[in-house]
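An overview of the molecular structure
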Amino acid sequence: MRSHDREEMEARVREALGSLDPISMSETERSDLRRAVWSEIRSAAPAPEPAPVPWRHRLVGAVAVLAVVVGGVAMLDGASGDGDADALFALSADEGSATTVVAAEDGDDRSTEDFRGGAVEQPETHQYSNGGGQEADPISIPPDLTAMLRRSAENLRTGGFTPLTAPLVDCPARDELEGLTPFATVTVGDTDYQAWKPDGEEVGPDTTITFVDPGTCEVVASE
Amino acid sequence: MTTSHQEEFALLARAAEGDHDAFTRVMKTHEDRIFAVCMRMLADREAALDVTQETFITAFRKAHQFKGNSAVGTWLYRIAVNNCYDHLRRNKRKPADSLPEHFDQADPFATEAVEASAHRKEIEEALASLPKEYRAAVILADMEGMSLPEVAQALGVPVGTVKSRLFRGRRMLAERLGEPNG
């Protein structure tokens, strides 16, 4: 389209849109809105939302449950201590809510004792390395993280998550997220990721799960 | 940050500390424009009222997260547009299934008014038929008068993406309004 044609077309569209009547609420709707907003706010938990729970606190919750699950996994699989990469996955319905560990593999019982003092021993999951011979992806996702998210996706597919109850408003529409819906938050180490699934699809064995960094809304993995 | 932005930022900071009066002032300033955007996005008055309500509840709860990197209004638009997207995802039906209120207000005996009303209906329907991302860009830029960087902030996309969505949205509108060269 030529520049002149384009300008003309845009001017016509703007003129058409400008011919629409302005929209506003009636006084009744306005007062109903305010009443409803305050009613909802006051009926909810103490507002506004408290500051996010520090990652250490979330880690304490995750590791406390980990101690139980590690035992269970070891009993079921008879395969504890196989030297596989350490992994700690936690899924939660909301930031700061109760945390559910859905997968854990660890060869020993370290990092499961006392974290109340804040002197938390860092699990190896925080040591993201680019080694391991895996090819780096375009946004340099550490291979360890990719492996963890892959395992996390497997757990999500088997229903090991609590559905999100609050709408996520922090990730605007991105082309990569078109047709997807966030349905869970996954915590890997001290970082939360949003798990997205195709619109209208129940999470199942074949579901492609897309992990999104909620801070940047970048897709970090698609499993 | 302009004085107005600073004032609003301060109001929102007070709201984050639980000052309901401060939040009421923010709400009064923006409620009509947020409602208008929701109404244009959803073409459904009841849904627009619900999403406007949801937007302010979310804003109050997230007030402590607002860092002042954009105007409060832009931040509210962002919440509103995302809530509209969520609403559209949840209700996958043709959006323009109820007439905007102004159609009922036109004088049915005045030919001019009827024609104007019909034309407005055509425009409303063309707008409602756009993909939601294009629609949001067109509404914010062409109807709310926001600058490209403001629209980019409100939609959380780069300015280049806004330009592209605007161009495509306008071209689709032109085509649907009977502009063969659009």
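A short tour of the structure in this document, coming up. (Residues numbered from 1 in each chain as written. Chains lettered and ligands numbered in written order. Predicted model: local features only at pLDDT ≥ 70, side-chain atom pairs only at ≥ 80, totals over all residues.)

1. Topic: the overall build of chain B
To keep things clear, this is the line we draw: Note on conventions: DSSP H or I runs of at least 4 residues are helices, E runs of at least 2 residues are strands, and numbering of each starts at the N terminus. Three exposure classes are used. Buried residues have 20 or more other C-beta atoms within 10 Å of their own C-beta, exposed residues have 12 or fewer, and partly exposed residues fall in between, all C-beta atoms being placed from the backbone. Here, residues touch in the contact sense if the C-beta positions derived from the backbone fall within 7 Å of one another.
Secondary structure assignment for chain B yields 9 helices and 0 strands. In chain B, which comprises 182 residues, the share counted as buried stands at 46%. Long-range contacts, defined here as pairs at least 24 residues apart, represent 63% of the contacts in chain B between residues at least 6 apart.

2. Things to note about unusual backbone geometry
Located in the positive-phi region is Ala43 of chain B, a residue other than glycine, with phi close to 55 degrees. Relative to the elements of secondary structure, Ala43 of chain B occurs in the loop between helix H2 (20-42) and helix H3 (45-62).

3. Quick notes on the environment of Ala15 of chain B
Residue and element names in this part refer to chain B. With respect to the secondary-structure elements, Ala15 resides in helix H1 (residues 3-16). Here the alpha-carbon distance between Ala15 and Phe60, two residues 45 residues apart in the chain, equals 6.9 Å. For Ala15, the residues in contact, after removing those within four places along its chain, are Ala22, Phe23, Val26, Phe60 and Ala63.

4. Here we look at helix H1 (residues 3-18) of chain A
Residues and elements named next belong to chain A. Note the following rule: Given a helix with a known number of residues, its expected span is that number minus one, times 1.5 Å. Here the arc refers to the directions that run from the helix axis out to each C-beta atom.
Taking 1.5 Å as the rise per residue, H1 with 16 residues should run 22 Å; its terminal C-alpha atoms sit 22 Å apart, in good agreement. Those residues of H1 not exposed but buried are Met9, Val13, Ala16 and Leu17. Down the axis of H1, the buried side of the element spans an arc of 95 degrees, and every buried residue falls inside it. Residues of H1 that are exposed and point over 90 degrees away from its buried face: Ser3, His4, Glu7, Ala11, Glu15 and Gly18.

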